[in-house]
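Per-entry structural report
Residues per chain are reported as follows:
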Amino acid sequence: MMFIVFEGIDGSGKTTQAKLLAKKLNAFYTYEPTDGLIGRLIREILKGEKKCEKETLALMFAADRVEHIRLIEEKLRESHVVCDRYLYSSIAYQTSQGVDEDFILQINRFAKKPDVVVLLTVDIEEGIKRLGKEKEIFEKERFLKKVQNKYLELAKKEDFIVIDTTNRSIDDVHEDVLNQINVKL
Ligand SMILES: Nc1ncnc2c1ncn2[C@@H]1O[C@H](COP(=O)(O)OP(=O)(O)O)[C@@H](O)[C@H]1O
Ligand SMILES: Cc1cn([C@H]2C[C@H](O)[C@@H](COP(=O)(O)OP(=O)(O)O)O2)c(=O)[nH]c1=O
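Counting from 1, residues in each chain are numbered in the order their sequence is written. As a convention, the first chain written is A and the first ligand written is 1, with the rest following in written order. Whole-chain, interface and lining totals are the exception, using all residues; otherwise, since this is a predicted model, local features are given only for residues with pLDDT of at least 70 and side-chain atom pairs are given and counted only at 80 or more. The basis for every side-chain value is the complete set of heavy atoms in the structure, and neither hydrogens nor water enter the calculation.

What about the UniProt feature "binding site: ATP" (unreviewed entry) in the protein?
To keep it simple, the criterion reads: UniProt positions are given in the numbering used here, feature names are shortened, and annotations may be inferred rather than shown by experiment. In what follows, a contact means two residues having at least one pair of non-hydrogen atoms within 4.5 Å.
Mapped onto the present numbering, the UniProt feature "binding site: ATP" (unreviewed entry) falls at Gly8, Ile9, Asp10, Gly11, Ser12, Gly13, Lys14 and Thr15. Residue contacts for Gly13: discarding those within four places in its chain leaves Leu120 and Arg130.

Here's the deal with the site of ligand 2
The line we're drawing: Being near a molecule or strand, for a residue, comes down to having at least one heavy atom within 4 Å of it. What qualifies as a polar contact is a pair of N or O atoms within 3.5 Å, subject to a donor-acceptor requirement within protein and to the restriction that residues adjacent in sequence count only when both atoms come from side chains. Going along the chain from the N terminus, every DSSP run of H or I of four or more residues is numbered as a helix, and every run of E of two or more is numbered as a strand.
The immediate surroundings of ligand 2 are formed by 16 residues, with Asp10, Arg65, Arg85, Ser90 and Gln94 found nearest. Measuring from an oxygen atom of ligand 2, one finds a side-chain N or O atom of Arg65 at 2.9 Å. Here an oxygen atom of ligand 2 and a side-chain polar atom of Arg85 are 2.8 Å apart. Where the shell around ligand 2 is concerned, the elements lending two or more residues are helix 2 (37–46), helix 3 (54–76) and helix 4 (87–96).

Some details on the site of ligand 1
Rule in force here: Gly counts as polar in this scheme, as do all residues outside two lists: the nonpolar Ala, Val, Leu, Ile, Met, Phe, Trp, Tyr, Cys and Pro, and the charged Asp, Glu, Lys and Arg.
Every residue close to ligand 1 is listed here: Ile9, Asp10, Gly11, Ser12, Gly13, Lys14, Thr15, Thr16, Arg130, Arg168, Ser169 and Ile170. Between ligand 1 and Lys14 there is a distance of 2.7 Å, counted from an oxygen atom to a side-chain nitrogen or oxygen. At a separation of 2.6 Å, an oxygen atom of ligand 1 approaches a polar side-chain atom of Thr15. The dominant element in the shell around ligand 1, judged by the number of residues it contributes, is helix 1 (residues 14–25), at 3 residues. Within the shell around ligand 1, the residues separate by chemical class into 2 nonpolar, 6 polar and 4 charged.

And the structure:
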């Protein structure tokens, strides 16, 4: 069974594409931050309702992931798993916030390596337009540019599938995802 991860900045179309692929493959769809105890706390911090140090937030994303991986491994016994955000979100977003990359890698040592990572990219302005108005602290233009550049750097090192979604329809991107995943198999 395959563990497939979607990554990309907010508004790149991850949730849309991850759900379409999961449906097509009859796979289990899941996401981070999760709806678990730690994931819920993370969402409160992202909305600005609570505050903490950026390193604390990095630790919370990693802790949320420890719990999540148990579920992912259980599901992988029966079906493919499509995950909307994973470890690479921590590397791209938390380093863009100024957290030391080695620290992030250390606290995520346990993270199971996905079989395939699909990175969706988008022109930053189009991504923000797709989201409507800014909802969370990370949905700022300059910050997202930095995050996307970090993702592209990781993509080269780790051999991600990279698909640009700018000015392309949801169906067109979905076709591309299917074709490129087939090539990887
Ligand atoms: N290729 C696309 N073209 C236009 N709009 C899109 C496209 N893909 C997704 N959207 C829309 O953009 C918004 C954000 O998409 P979503 O999949 O939630 O992105 P993400 O999970 O990366 O933040 C949604 O309203 C979605 O319907
Ligand atoms: C999983 C993860 C998410 N994030 C951030 C990215 C998003 O801005 C935010 C919430 O994720 P998410 O709900 O997936 O937002 P969206 O659907 O808009 O892409 O959490 C991190 O900074 N580090 C992480 O490890």
